Amino acid sequence: MSIGPERSARIAAMIESARPVWEATHDADTLQQWLKDHDCHGADAVFVTMGLLNCGLAEAGHMFFAAPCRQGEREFHNQVMDGLEAASEEL
């Protein structure tokens, strides 16, 4: 899946902007709060985390969803997953 040149450039710029925060703290919650404060949400925040930490999707996703500041995203994700599970049981 390609994310396109504009989005790639935006993510690359956000990685570089977030680098000092990560290097100063090495704290995933602080990083996610910083990303949220700078309007970096959802998949973009996961992509930034992956690029900054040079980690995989599972680790970056865990950091994203485990951060206290991402409670709203976590609740939305859980609601969607519950809905998908309920829909599959109806089939």
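Only a predicted model underlies this, so the values are computations on that prediction, with no experimental measurement involved. (Residues numbered from 1 in each chain as written. Predicted model: local features only at pLDDT ≥ 70, side-chain atom pairs only at ≥ 80, totals over all residues. Heavy atoms only, no water.)

Trainee: In this structure, what is going on with the nonpolar core? I would like to understand it.
Mentor: What tends to happen in soluble globular proteins is that the nonpolar side chains get buried as a cluster. Counting residues in each nonpolar core, the largest one holds 19 residues, and the members touching the most others are L31, L35, V48, L52 and L53. Among the elements of the structure, α1 (5-25), α2 (28-37), α3 (42-53) and α4 (57-66) are those that each provide at least two residues to this core. With six residues, α1 is the largest single contributor of residues to this core. (Core = buried A, V, L, I, M, F, W, Y, C linked by side-chain atoms within 4.5 Å. Buried < 20%, exposed > 50% of the residue type's maximum accessible area, 1.4 Å probe, protein only. Helix = DSSP H or I, 4+ residues; strand = E, 2+ residues; numbered from the N terminus.)

Trainee: Got a minute to help me understand α1 in this structure?
Mentor: Along an α-helix, a turn takes 3.6 residues, which lines up residues three or four apart on a common side. With 21 residues, α1 extends 30 Å between its outermost C-alpha atoms, agreeing within 8% with the 30 Å of an ideal straight helix rising 1.5 Å per residue. Buried within α1 we find I11, M14, I15, A18, V21 and W22. Looking at the packing, one finds that the buried side of α1 touches α2 and α3. Immediately beyond the C-terminal end of α1, within one or two residues, lies H26, with a positive phi of roughly 50 degrees. (Expected span 1.5 Å × (residues − 1). Contact = heavy atoms within 4.5 Å.)

Trainee: Help me out: how do you make sense of the packing of aromatic side chains in this one?
Mentor: For any two aromatic rings, the description comes down to two numbers: the centre-to-centre distance and the angle of the planes. The final tally for this structure, using the stated rule, is one aromatic pair. Judged by centre distance (5.0 Å) and plane angle (85 degrees), the rings of F64 and F65 are edge-to-face. (Phe/Tyr/Trp six-rings, centres within 6.5 Å; stacked < 30°, edge-to-face > 60°.)

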